Amino acid sequence: MHSDIFIVGGGVAGLTLARDLAIGGRQVHVIEREERTGGQVTAIDVESHQLDAAAESFATRTDAVVGLIAELGLSDRVLAPLGAPAWIHREDGTAMPLPATGLLGVPSDPLARDVRQSIGVVGAVRAWADTVLPRSVGAEATSFGDLVTARMGRRVTERLVGPITRGVHSVEPHALAIATAHPALASRDDRSLARSIRHIRRTAPAGSAVASLHGGMHTLPIALAESAAEAGVQIHRGMTATEVSASSVTFDGAKHRGDVIMATPPQGAPTRAVTLVTVVASAPTWAAVPRGTGVLVTPGSPGVSARALTHVSAKWQWVSRAFAGKQVVRLSYDGATSEPLAKAVNDATILMGSAPEAVHTVLERRWARATPLAKADRAGMRWVGESVSGTGLAAVVAHARRTAADILTQ
């Protein structure tokens, strides 16, 4: 007879794991210290509308999230973003669209005109050298940034890849695992990185590289918690887990014995502070979508503190309809930024290329994001979540489901 399973943390990882285990016949408890579940996939109230307070999309390079959404009966709510490219704001203060045929900033055609415009002729020629370099170059790379730099040079890494990994994954390219950037790159057969990117793009499912849900991604954990409860998961909200070990956990004034799995970073673990600021403004020039779905910022860009701007009302049609006549942008900052509200309006003006006519709402939300958890710090316990899976819903969900499958086959 199996022991009860206690999952500490009711974010997307913990709920996904709990639901799969309960469907597999196990008795599962989720212990969540907040009164709500979902972790960082939650909402912020903006002018009486619920917008995503953190994650607002998921990667479609795998079927991990799409499959879960289908099981939850939400497939009819999946949305593709605006089909316009994001832009890069460069060190010299100019902006231009991302090269059209790349992946996470890595060009599949290094000598293409838009690549030459982005990194210069010298940078493009160095990137083209990837096609003739021996396979051994970059073979020992342990990070995505190391691989790109070895194969294509620093200009590609710093001017194209870096702004994307910081904007999408909230990490520097040299801290991003190759498999997290894209699973196919971890086992690529072609010596040329450009040819690998072309193959990935050619064989990828049709459509955008990301998607979302009508009403926002924060609706996913709501449906996930409901489905988990229907499967028999007992969700203990507003409860703090203490005296946690692999075989017992204390909460609600009692010690419970069973198999304990952590779905939240350990207390005192290092985290990365991230500040997100949502701006609602009247801005007719922004309505013309001058910067596509948003802007990624190269470090050192003059006068800009944000690392990225998402033009939310342009990217997602349902937001545009909800805020008819107004524009919604969201800016991302590293750290617990001082005076983020004032900086946000200034940064939005620079990154969007013009000042708004009027600013109606500016809201700030700060998060402590998990950092990778070393094996030595896992205390002999199972873990799920961003600290072990890598960033992004696709990575978090896939890892949680693999963990559930492993447990159920034991």
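Okay, so let's go over this structure. Being a predicted model, the structure only gives us computed values, none of them experimental.

## Some thoughts on the sheet that holds strand S6 (residues 78-79)
Pairing is antiparallel in the open sheet, where three strands are placed in the order S5-S11-S6. At either margin of the open sheet sits one strand with a lone partner, and together these are strand S5 (58-59) and S6. Examined bridge by bridge, S5 and strand S11 (residues 210-213) share two bridges and lie antiparallel to one another. Following the sheet pairing, alanine 59 is matched in S11 by valine 210.

## Looking at the sheet that holds strand S16 (residues 271-282)
Here seven strands make up an open sheet; going across it, the order is S8-S7-S17-S18-S19-S16-S20 and the pairing mixed. The sheet is open, and its two borders are formed by strand S8 (95-97) and strand S20 (358-370), each paired with just one other strand. Pairs of neighbouring strands in the sheet enclose a mean axial angle of 20 degrees, with direction left out of account. Sheet topology places strand S7 (residues 87-89) next to strand S17 (residues 294-297); three bridges connect them, and they run parallel.

## With respect to the packing of helix H2 (residues 64-71) against helix H15 (residues 393-408)
H15 packs onto H2 with a crossing angle of 70 degrees between their chain directions and a minimal axis gap of 8 Å. Taken as axis vectors, H2 and H15 run roughly perpendicular relative to one another. Contacts from Ala64, Val65, Gly67, Leu68 and Glu71 of H2 reach H15 at Leu393, Ala394, Val397, Ala398 and Arg401. For the contact of H2 with H15, the per-class residue count stands at seven nonpolar, one polar and two charged.

## Thoughts on helix H8 (residues 193-203)
Turning to H8, its buried residues number three or more, namely Leu193, Ala194, Ser196, Ile197 and Ile200. Buried residues of H8 fall within an arc of 160 degrees about the axis and therefore sit on the same side. Away from its buried face by more than 90 degrees, H8 exposes Arg202 and Thr203. Contacts made by the buried residues of H8 are with strand S9 (102-103), strand S10 (106-107), helix H4 (144-152) and helix H7 (183-186). One side-chain oxygen of the residue at the start of H8 lies 3.3 Å from the amide nitrogen of alanine 194, identifying that residue as serine 192.

## So, the nonpolar core
In this structure, Ile7, Leu17, Leu21 and Val233 are the most contacted members of the largest nonpolar core, which totals 40 residues. Of all the elements in the fold, those that place two or more residues in this core are strand S1 (5-8), helix H1 (12-23), strand S2 (28-32), S5, H2, S11, helix H9 (219-230) and H15. Not counting residues up to four positions away in its chain, the partners in contact with valine 233 are Ala18, Arg19, Ala22, Val28, Val30 and Ala228. Of all hydrophobic cores here, the second largest spans 29 residues; its members include Ile119, Phe144, Val156 and Ile178.

## Looking at the pattern of salt bridges
With the rule as written, the count across this model stands at 13 salt bridges. With its nearest N and O atoms 3.7 Å apart, the salt bridge here joins aspartate 20 to arginine 19. Side by side, aspartate 20 and arginine 19 carry an identical accessibility label, which is buried. A salt bridge links lysine 315 to glutamate 56, with the nearest nitrogen and oxygen atoms 3.1 Å apart.

Reading guide: rules and limits
Residues numbered from 1 in each chain as written. Predicted model: local features only at pLDDT ≥ 70, side-chain atom pairs only at ≥ 80, totals over all residues. Heavy atoms only, no water. Pairing = 2+ DSSP bridges. Helix = DSSP H or I, 4+ residues; strand = E, 2+ residues; numbered from the N terminus. Axes fitted to C-alpha atoms, helices over the stretch in contact; angles between N-to-C directions. Parallel < 35°, antiparallel > 145°, perpendicular 65-115°, else oblique. Contact = heavy atoms within 4.5 Å. Nonpolar A, V, L, I, M, F, W, Y, C, P; charged D, E, K, R; others polar. Buried < 20%, exposed > 50% of the residue type's maximum accessible area, 1.4 Å probe, protein only. Arc of directions from axis to C-beta. Polar contact = N/O pair within 3.5 Å; in protein donor to acceptor, adjacent residues only side chain to side chain. Core = buried A, V, L, I, M, F, W, Y, C linked by side-chain atoms within 4.5 Å. Salt bridge = Lys/Arg side-chain N within 4 Å of Asp/Glu carboxyl O.

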